[in-house]
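One letter stands for each residue in the lines below.
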Amino acid sequence: MSTSKQILVLGGAGYIGSHTIDLLERSGYSIIVLDNLYSGHKKSLSKNIQFEKNDISKNNLSDISDKYGEISGIIHFASFIEVGESMKDPYKYISNNIDRSTDVMEFMKNRGIRNIVFSSSAAVYGKDYKDKLKESYIKKPINVYGYTKSVVEDLLSFYDEIYGIKSISLRYFNASGASHFKNIGEDHPNETHLIPLIIKTALGLREKIMIYGDDYNTPDGTCIRDYIHVDDLAQAHLLSLEHLINGGDSDVFNLGGSRGYSVKEIIETTQNITNLHVNKEITQRREGDPDILIADYSKIQKKLKWEPKYEVDDIIQTAFNWHKNNPDGFN
Ligand SMILES: NC(=O)c1ccc[n+]([C@@H]2O[C@H](COP(=O)([O-])OP(=O)(O)OC[C@H]3O[C@@H](n4cnc5c(N)ncnc54)[C@H](O)[C@@H]3O)[C@@H](O)[C@H]2O)c1
């Protein structure tokens, strides 16, 4: 498809943003990125991207709109993302994740921009549900991070009801893997995600991986999570954006692979794929970790014809290649 529609990507220099932008570029869109580089990397973006290093604010967004002209849609990745930190410094999360998002909504209202895709999270569900999670389940976040995502989803539906702004909130499960198309991958400054931590341990860049509890109600006692390749996430953003641009309704979708893997299974698979040993240590459970979190993604499969393409072996292989070739990340 070829189009010159302009898309404003907030937080586009981050992990999921940079992979999505690569796909949008290859699909013919013209991209403007607003990112303050708190945790993102300008090097993750190609030279064709129009980049503004700045915070989200109503003024900064208006300046972008004045400078670049018509914006057909927004993808909003910008957020602080560490669950543990959100419980130590809630105000930091409330002000960045909720307040800045309300600036985005007001800007859209003021400038007549009608389409937004928002990065939500499986963290909105909490830990009470035992089966595969469906979008219809009542949200019960158990940390401030998940709460901020839930509030923004709810505000977006009010902005649809009141002003006709259409939104898709995508609840990602565990985003992982690295690009099949470009030398980009996961490089969070303070990494808390399991797969990069395991791979860095395998490569000798970390001493060991901590397993937080092996007495969960799962076959091997370690927590089970649903891992989704970042290129599959990118595809879901493209489909969501095009759905909205083509006049589609607001919605909320899970993005996962519908299969769970325990922490021990991920470690074993990494060892098998890489032929490297992963040092591990079992320690105490962390507060608020559910036994199992698996997505039911049948809603987006049915409505937008999205399907995850990549399995966990591919996730680990692409992540391994990225970390091996870029031991210092984007630095
Ligand atoms: N990584 C995951 O597994 C995962 C899972 C569920 C949801 N999410 C959500 O997906 C989104 C992207 O996650 P990620 O892993 O790519 O994170 P990331 O930290 O790599 O990307 C976030 C980007 O937003 C930018 N940013 C943050 N606050 C900003 C502000 N006020 N103004 C301008 N830029 C700002 C950062 O510099 C960074 O480039 C986040 O909203 C996150 O909550 C991620």
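Note: the structure precedes this text.
Every chain is numbered independently, its residues counted from 1 as its sequence is written. Local features in this predicted model are restricted to residues whose pLDDT is 70 or higher, and side-chain atom pairs enter the listing and the counts only when it is 80 or higher, whereas totals over whole chains, interfaces and linings include all residues.

1. With respect to the overall build of the chain
Put simply, the rule is: Comment: elements are numbered from the N terminus, with helices defined as DSSP H or I runs of at least four residues and strands as E runs of at least two. Taken over C-alpha atoms, the radius of gyration is set against a globule rule of 2.2 Å times the number of residues to the power 0.38. Exposure classification rests on a simple neighbour count of other C-beta atoms within 10 Å of a residue's own: a residue reaching 20 or more is buried, one at 12 or fewer is exposed, and one in between is partly exposed. C-beta atoms are placed from the backbone. This entry defines residue contacts through backbone-placed C-beta atoms, with two residues in contact when those atoms are within 7 Å.
Scanning the chain from N- to C-terminus turns up ten helices and 14 strands. Relative to the globule expectation of 20 Å for 331 residues, the C-alpha radius of gyration of the chain, 19 Å, shows essentially globular dimensions. When its C-alpha atoms are laid out on the principal axes, the chain stretches across 55 × 40 × 40 Å. Residue burial in the chain is summarised as follows: out of 331 residues, 46% are buried. Considering only contacts within the chain whose residues lie at least 6 apart along the sequence, 79% involve residues at least 24 apart.

2. Re the pairing of strand β6 (residues 166-172)
Note the threshold: We call two strands paired when DSSP finds no fewer than two bridges between them.
Burial analysis of β6 places seven of its seven residues in the buried class, the great majority of the element. Here β6 shows no split at all, with Lys166, Ile168, Leu170 and Tyr172 on one side and Ser167, Ser169 and Arg171 on the other all buried. Judged from the seven bridges that link them, strand β5 (residues 115-121) and β6 form a sheet pairing that is parallel. The residue bridging serine 121 from the neighbouring strand is tyrosine 172, located in β6. Across five bridges, the pairing between β6 and strand β11 (residues 251-255) is parallel. Bridge assignment links serine 169 to a residue of β11, and that residue is valine 252.

3. Digging into the sheet that holds strand β14 (residues 292-293)
Ordered in space as β12-β9-β14, the three strands form an open sheet in which the pairing is mixed. Each end of this open sheet is capped by a strand with a single partner; those strands are β12 (261-262) and β14. For strand β9 (residues 224-225) and β14, the ladder comprises two bridges, and the chain directions are parallel. Bridged to arginine 225 within β14 is leucine 293.

4. Some thoughts on unusual backbone geometry
One non-glycine residue with positive phi stands out, namely asparagine 275, at about 60°. Checked against the element boundaries, asparagine 275 lands in the loop between α8 (263-274) and β13 (280-283). A tally of 7 C-beta atoms within 10 Å means that asparagine 275 is categorised as exposed.

5. Section: helix α7 (residues 230-245)
Note the following rule: By definition here, a helix of n residues has an expected span of 1.5 Å times n minus one.
Between its first and last C-alpha, α7 extends 23 Å over 16 residues, near the 22 Å set by a 1.5 Å rise per residue. In terms of residue burial, α7 counts as a mostly covered element, since 13 of its 16 residues are buried. Residue glycine 247 follows α7 closely and has a positive phi angle near 95°.

6. Describing the site of the ligand
Keep this limit in mind: Using a C-beta atom placed from the backbone for every residue, we mark a residue as near a molecule or strand if that atom lies within 6 Å of it. Three classes are used: nonpolar for Ala, Val, Leu, Ile, Met, Phe, Trp, Tyr, Cys and Pro, charged for Asp, Glu, Lys and Arg, and polar for all others, with Gly counted as polar.
Gly11, Gly14, Gly40, Ser79 and Ala175 are the nearest of the 27 residues found near the ligand. Listed by contribution, the elements that provide at least two residues to the shell around the ligand are α1 (15-26), β2 (30-35), α4 (90-111), β5 and β7 (174-176). Looking at the shell around the ligand, the element that brings in the most residues is α1, giving three residues. Broken down by class, the residue content of the shell around the ligand amounts to twelve nonpolar, twelve polar and three charged.

7. Some remarks on the sheet that holds strand β3 (residues 50-53)
Strands pair in a sheet through their backbones, by hydrogen bonds, and they do so in one of two ways: parallel or antiparallel. How we decide: To obtain each axis, a line is fitted to C-alpha atoms, and for helices this fit is confined to the stretch in contact; angles are then taken between N-to-C directions over 0 to 180 degrees.
The strand order across the open sheet built from seven strands is β3-β2-β1-β4-β5-β6-β11, with neighbouring strands paired in parallel fashion. Each of the sheet's edge strands pairs with one partner strand only, and the pair in question is β3 and β11. Direction aside, neighbouring strands of the sheet carry axes that sit 20° apart on average. Contacts between α1 and the sheet are confined to β1 (6-10), β2, β4 (73-76) and β5, with β2 contributing the most and set at about 165° to the helix. Of the strands in this sheet, β1, β4, β5, β6 and β11 touch α7, which is tilted by about 165° from β6.

8. Quick look at α8
Selection criterion: What the arc measures is the spread of directions leading from the helix axis to the C-beta atoms.
Taking 1.5 Å of rise per residue, twelve residues should cover 16 Å, and α8 covers 17 Å from first to last C-alpha, within 8% of that figure. Every buried residue of α8 is listed here: Val263, Ile266, Ile267 and Thr270. Taken around the axis of α8, the buried residues stretch over an arc of 100°, which confines them to a single face. Of the surrounding secondary structure, the elements contacted by the buried residues of α8 are α6 (194-202), β8 (209-212), β12, β13 and α10 (312-325). Two residues or fewer past α8, asparagine 275 is found with a positive phi of approximately 60°.

9. What about the packing of α6 against α10?
Any two packed helices are characterised by how steeply their axes cross, that is the angle between the axes, and by the distance between the axes. Rules: Angle categories: roughly parallel below 35 degrees, roughly antiparallel above 145, roughly perpendicular from 65 to 115, and oblique for all the rest. What makes a crossing left-handed is the near helix being turned counterclockwise from the far one by less than a right angle; a clockwise turn instead makes it right-handed.
Packing of α6 against α10 leaves a shortest axis separation of 10 Å and a crossing angle of 55°. On the basis of the axis angle, α6 is oblique to α10. By crossing handedness, the relation of α6 to α10 is classed as right-handed. Residues Ile195, Pro196, Ile199 and Lys200 of α6 form the contact with α10, whose own contacting residues are Ile315, Ile316, Ala319, Phe320 and His323. Within the contact of α6 with α10, the residues separate by chemical class into seven nonpolar, one polar and one charged.

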